[in-house]
Amino acid sequence: MAGLELRQVKKSFGSVDVIHGVDLDIEDGEFTVFVGPSGCGKSTLLRLVAGLEATTSGTLSIGGQDVTDVEPADRGVAMVFQSYALYPHMTVEENMGFGLKMTGHPAAEIKERVSGASAILHLDPLLQRKPKALSGGQRQRVAIGRAIVRQPEVFLFDEPLSNLDAELRVQMRLEIAKLHKELGATMIYVTHDQVEAMTLADKIVVLRAGIIEQTGSPLTLYDDPDNSFVAGFIGSPR
Ligand code: ADP
Ligand code: MG
């Protein structure tokens, strides 16, 4: 079980408060999308869940375990970044297996997991290439593959498709939806693309300036926004 619970999570950088005390429950297997204007704290909130930033106060649990002070590698999460963050000197296969190698997994198991992820993402013909010989869409596929091989309970995506052209974005969006179905994993996805949010989400969290304005299904937010900010952001006609 890997639902998430955030309780009064706060984050400040120096004297600047960025996340103001967020309470949020995410169900096991749910696809949750964070939306909100640039600078509202979407990436920071995701990085807090990943453990890449420490909370200033509050608690965070994953699968019923308090992970507030747990190292990123031990939280059962894997993050996919907008910038792909692949190692340029490694092949696709090495990039995908690197995290497992670092955590001491046996070579045979790494090979098996990489080939499993590679099959899901149709990466087989690309395994021996270096990132510079890949298109943007292929690079993002590798970055997603690298997350899959870690078999996380929770996937975190930070605007993973923002660097891709419109056509590829649609294609990758469908692949991510399919992946969610196949793996049944809990996923948190940050985007500023309303279509991505509305089509992917079980639940949308609308953020403004480090505060949750509203949480609900796409339909609820569209039909019954709590305020004009949410309406404006989700695109409902009111
Ligand atoms: P979003 O992803 O919604 O665009 P971010 O989470 O990246 O927003 O940033 C939220 C706010 O926190 C911004 O004002 C940003 O400048 C600030 N911020 C983010 N990371 C840091 C950091 N490491 N140091 C100082 N300020 C930061
Ligand atoms: Mg961001």
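Look above for the structure.
Residues numbered from 1 in each chain as written. Chains lettered and ligands numbered in written order. Predicted model: local features only at pLDDT ≥ 70, side-chain atom pairs only at ≥ 80, totals over all residues.

### Focus: helix α5 (residues 166–183)
Look at α5: 26 Å from first C-alpha to last across 18 residues, which is about the 26 Å you get at 1.5 Å a residue. Buried residues of α5: R169, R173 and I176, and no others. Each buried residue of α5 lies within a common arc of 65° when the element is viewed along its axis, so the set occupies one face. Within α5, the exposed residues directed more than 90 degrees away from the buried face are E167, L174, K178, K181 and E182. Each element contacted by the buried residues of α5 is listed here: α6 (194–200). (Helix = DSSP H or I, 4+ residues; strand = E, 2+ residues; numbered from the N terminus. Expected span 1.5 Å × (residues − 1). Buried ≥ 20, exposed ≤ 12 C-beta atoms within 10 Å, placed from the backbone. Arc of directions from axis to C-beta. Contact = placed C-beta atoms within 7 Å.)

### Some details on the nonpolar core
Nonpolar side chains in soluble globular proteins tend to be buried together. Within the largest apolar cluster, 60 residues are counted, with the highest numbers of intra-cluster contacts made by V49, V154, L156, I188 and V206. With six residues, the top contributor of residues to this core is helix α4 (residues 136–149). Residues in contact with V49, not counting those within four places in the same chain, are L4, L60, V77, L156 and I188. (Core = buried A, V, L, I, M, F, W, Y, C linked by C-beta atoms within 7 Å.)

### Brief notes about the site of ligand 1
The full set of residues close to ligand 1 is F13, V18, G36, S38, G39, C40, G41, K42, S43 and T44. Looking at the shell around ligand 1, the element that brings in the most residues is helix α1 (residues 42–50), giving three residues. Among the residues making up the shell around ligand 1, the classes are represented as three nonpolar, six polar and one charged. (Near = placed C-beta within 6 Å. Nonpolar A, V, L, I, M, F, W, Y, C, P; charged D, E, K, R; others polar.)

### Points about the packing of helix α2 (residues 92–102) against helix α3 (residues 107–120)
The N-to-C vectors of α2 and α3 enclose an angle of 130°; their axes lie 10 Å apart at closest approach. For the element pair α2 / α3, the angle class is oblique. Judged by the twist between their axes, the crossing of α2 over α3 is right-handed. Between α2 and α3, the residues in contact are E93, M96, G97, L100 and K101 and I110, R113, V114 and A117, respectively. The class makeup of the residues in the contact of α2 with α3 is five nonpolar, one polar and three charged. (Axes fitted to C-alpha atoms, helices over the stretch in contact; angles between N-to-C directions. Parallel < 35°, antiparallel > 145°, perpendicular 65-115°, else oblique. Left-handed = near helix turned anticlockwise from the far one by under 90°.)

### A closer look at the pairing of strand β3 (residues 31–35)
Across a regular strand the side chains alternate sides, sitting on one face of the sheet and then on the other. Among the five residues that make up β3, five are buried, leaving the element largely enclosed by the rest of the structure. Sheet topology note: the β3/strand β8 (residues 186–190) ladder contains four bridges and is parallel. Across the sheet, residue V33 finds its bridge partner in β8, namely Y189. Two strands pair when backbone bridges link them, and β3 and strand β9 (residues 203–208) are joined in this way by four bridges, in the parallel orientation. (Pairing = 2+ DSSP bridges.)

### Considering the sheet that holds strand β1 (residues 4–13)
Taken in spatial order, the four strands line up as β2-β1-β4-β5 in an open sheet, and their pairing is antiparallel. What marks the edges here is a single partner per strand, and that holds for β2 (16–26) and β5 (65–66). One ladder, built from two bridges, connects strand β4 (residues 57–62) with β5; its direction is antiparallel. The residue of β5 that forms the bridge with S61 is D66. Contacts between α1 and the sheet are confined to β1, β2 and β4, with β2 contributing the most and set at about 65° to the helix.

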